[in-house]
Amino acid sequence: MKFTKMHGIGNDYVYVNCFEEEVKDPATVARFVSDRNFGVGSDGLILIRPSEKADFQMDIYNADGSQAEMCGNGIRCVGKYVYDYGLTDKTEITVDTLGGIKHLTLTVEGGKVSLVRVNMGQPILDPREIPVRYEENPVVNVPIEVKGREYHITCVSMGNPHAVVFMDHVRDLDIERIGPCFENHTKFPKRINTEFVEVLDKNTVNMRVWERGAGETLACGTGACAATVACVLNGKTENCLTMHLLGGDLQIEWDREENQIYMTGTATTVFDGELSFVPEK
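Now for the pattern of salt bridges. The final tally for this structure, using the stated rule, is 14 salt bridges. A salt bridge links D12 to K5; its shortest N-O distance comes to 3.4 Å. K5 gets classed as buried once you look at its relative accessible area, which sits at 10%. D84 serves as the salt-bridge partner of K80, at 2.7 Å between the closest nitrogen and oxygen. Of the two residues, K80 and D84 both sit in helix α2 (residues 72–84), four residues apart, roughly one turn of that helix.

What follows is about the state of the cysteines. By definition, a disulfide links the sulfur atoms of two cysteines through a covalent bond. For the structure shown, the criterion picks out zero disulfides. The cysteine C71 is free of any disulfide, with C220 supplying the nearest cysteine sulfur at 6.5 Å. Judged by its relative accessible area of 5%, C71 falls in the buried class.

The first and last C-alpha atoms of α2 sit 19 Å apart over 13 residues, in line with the 18 Å expected at 1.5 Å per residue. With 13 of 13 residues buried, α2 lies mostly within the body of the structure.

With that settled, the discussion passes to the pairing of strand β8 (residues 112–121). Across a regular strand the side chains alternate sides, sitting on one face of the sheet and then on the other. By the bridge criterion, seven bridges tie strand β7 (residues 100–109) to β8 in an arrangement that is antiparallel. Bridging from a neighbouring strand, L106 pairs with V116 of β8. Counting the residues that bridge the hairpin from β7 to β8 gives two residues, and of these G110 lies at a positive phi of roughly 60°.

This brings us to the pairing of strand β3 (residues 44–49). In terms of burial, β3 is largely enclosed, as five of its six residues are buried. Sheet topology note: the strand β2 (residues 11–17)/β3 ladder contains four bridges and is parallel. The residue bridging V16 from the neighbouring strand is L47, located in β3. In the classification by handedness, the crossover that spans β2, the intervening helix α1 (residues 26–34) and the parallel β3 is right-handed. Pairing of β3 with strand β4 (residues 56–62) involves six bridges; the strand directions are antiparallel. Residue pairing for β4: I46 is matched across the bridge by I60. From the end of β3 to the start of β4, which pair antiparallel, there are six residues.

Before going further, it helps to spend a moment on unusual backbone geometry. Most of the time, phi is negative for any residue but glycine, and the peptide bond is trans. Put simply, I130 and P131 share a cis peptide bond, and its omega is -5°. Along the chain, the position of P131 falls in the loop between β8 and β9 (142–146). Cis geometry is adopted by the peptide bond preceding P138, which originates at N137 and carries an omega value of 5°. Relative to the helices and strands, P138 resides in the loop between β8 and β9. The phi dihedral of I9 is positive, around 40°, even though this residue is not glycine. Along the polypeptide, I9 turns up in the loop between β1 (2–8) and β2. Judged by its relative accessible area of 6%, I9 falls in the buried class. Even without being glycine, N259 reaches a positive phi, approximately 55°.

Turning our attention to the side chain of E183. Summarising the element assignment, E183 is placed in helix α3 (residues 175–183). E183 sits in the buried class, given a relative accessible area of 7%. At a separation of 2.8 Å, a polar atom in the side chain of E183 contacts the side chain of W210. Every residue in contact with E183, bar those within four places of it in the chain, is listed here: R191, I192, T194, W210, E211, R212 and G213.

What counts and how
Residues numbered from 1 in each chain as written. Predicted model: local features only at pLDDT ≥ 70, side-chain atom pairs only at ≥ 80, totals over all residues. Heavy atoms only, no water. Salt bridge = Lys/Arg side-chain N within 4 Å of Asp/Glu carboxyl O. Buried < 20%, exposed > 50% of the residue type's maximum accessible area, 1.4 Å probe, protein only. Helix = DSSP H or I, 4+ residues; strand = E, 2+ residues; numbered from the N terminus. Disulfide = S-S within 2.5 Å. Expected span 1.5 Å × (residues − 1). Pairing = 2+ DSSP bridges. Right-handed = clockwise from strand over helix to strand, strands pointing away. Polar contact = N/O pair within 3.5 Å; in protein donor to acceptor, adjacent residues only side chain to side chain. Contact = heavy atoms within 4.5 Å.

Set out below in structure tokens:
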């Protein structure tokens, strides 16, 4: 199986061109390639497929083999892949995901994509659709008890579920201890991605993220979008933010008039490879 290792500000995946390759058991393959000791090493597996509804289809599998609805950093890499590897010559493309069809604008320099802007669509605030088990609608600054301590969360879906927690000194957070407790809390029937956000000023925040099915990752595009919405709803920032994540920065804008969120960031190709052995069930 031929593959390409790519990352969006450190959020790394193994990408497979399913116009040419067949992946029979993607959940098992995702667990195998994601292993950083015995596999390729990644946060998961992304398959690029033909689509009847868009230019391309993106299927995402987390490192634990579970399927994800959307990945903001992953979709930027898909945009770079399909242009750089000659699957399209367009700089405006659509990608079908389980979180809906996304529109991408590609910036090309020297024949390669250097920057990708993604219309991430509308934030979902209805707790039934996120889904989260709260009566409040929207779920903004509501309490939750985790490991005997009360936190306050704001819940948003960007095609996948997020809970945003505001705190000081986010770099000092013991995220390996607290992250799984949020992810698997009974309030979240499909588990949850959790963003821990420190507001620096009206246009800048620090963020760390615990991703459902992957653990802490260096970046999360949908999480950055959800955190921007949470910041605005809680009156903490303006609607255009620079998000400092462990792997780098993202620019997020929530157009309140159109109720659309735009994410801009880089995408990087690391290397191409080929696996002579791919496990199946």
